[in-house]
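Spelled out from the first residue to the last, the chains are:
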Amino acid sequence: PRLRDTVRPMHAVLSTTRFHVCRADYADPVHAAAIIALLDSYAIDPAGGAKPLSAFTRHNLVAALAVRPQAFSVLAFDAGEAVGLVNCFEGFSTFACAPLVNLHDVAVLPSYRGRGVGAQMLSVVEDIARESENGKTVYEVDAKIGGKDYEIKIAEDGKLISKQLDEDEHEANG
């Protein structure tokens, strides 16, 4: 079954005394604005490339995500302010012959980093993955370590896969 067919939009919710974490509703204007604001905040951060989202992306991204049944996002709020975002896509593991969840973007406002926002969002992602019978969750990160670009993947079983990108790969991926 497809992810959207098996999970109610707001079913996976984790609330604490500090943060409210939920599956984003792409039709909700508050959620749509939060997705763009948080992703743009991440994009202008050095970890995200230090460039703001294009006007085209800001205008079209949420609608483009909404028409993709394999896409879902998770948002974190603190007293109504959006503070964290995870964008996910359902993929498929050929070795396991089972669906998987790929975490494409994980963004937390700088002033909220280190407070457990990311962990709370990932817990909701894992709940959604379990409900849709996904075999595993794959965390993918592009990082700059020691001035070199790396693509890092961490599978649910904790296996770390990292690869230093050469200049041609970086240009093709960036």
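Structure: see above.
The text that follows walks through the structure, step by step, so that each part is easy to find. (Residues numbered from 1 in each chain as written. Predicted model: local features only at pLDDT ≥ 70, side-chain atom pairs only at ≥ 80, totals over all residues. Heavy atoms only, no water.)

Attention shifts here to helix 2 (residues 29-44). Its 16 residues give helix 2 an end-to-end C-alpha distance of 23 Å, which sits within 8% of 22 Å, the value for a rise of 1.5 Å per residue. Restricting attention to buried positions, one finds in helix 2 the residues His 31, Ala 32, Ala 34, Ile 35, Ile 36, Leu 38, Leu 39, Asp 40 and Ala 43. Each element contacted by the buried residues of helix 2 is listed here: strand 2 (20-23), helix 3 (55-66), strand 3 (71-78), strand 4 (81-93) and strand 5 (98-108). A side-chain oxygen of the first residue of helix 2 lies 2.7 Å from the backbone nitrogen of Val 30; this N-cap is Asp 28. (Helix = DSSP H or I, 4+ residues; strand = E, 2+ residues; numbered from the N terminus. Expected span 1.5 Å × (residues − 1). Buried < 20%, exposed > 50% of the residue type's maximum accessible area, 1.4 Å probe, protein only. Contact = heavy atoms within 4.5 Å. Polar contact = N/O pair within 3.5 Å; in protein donor to acceptor, adjacent residues only side chain to side chain.)

Attention now goes to the pairing of strand 4. A regular strand carries its side chains on alternate faces of the sheet. Summarising the sheet, strand 3 and strand 4 pair through eight bridges and their orientation is antiparallel. Looking at strand 4, one finds that Val 74 is bridged to Val 86. Hairpin geometry of strand 3 and strand 4 is characterised by an intervening segment of two residues between the two adjacent antiparallel strands and by a positive phi of about 50 degrees at Ala 79. The hairpin formed by strand 4 and strand 5 contains four residues between the paired strands, and Cys 97 there has a positive phi angle of roughly 50 degrees. (Pairing = 2+ DSSP bridges.)

In short, shape yes, function no, at least from these values alone.
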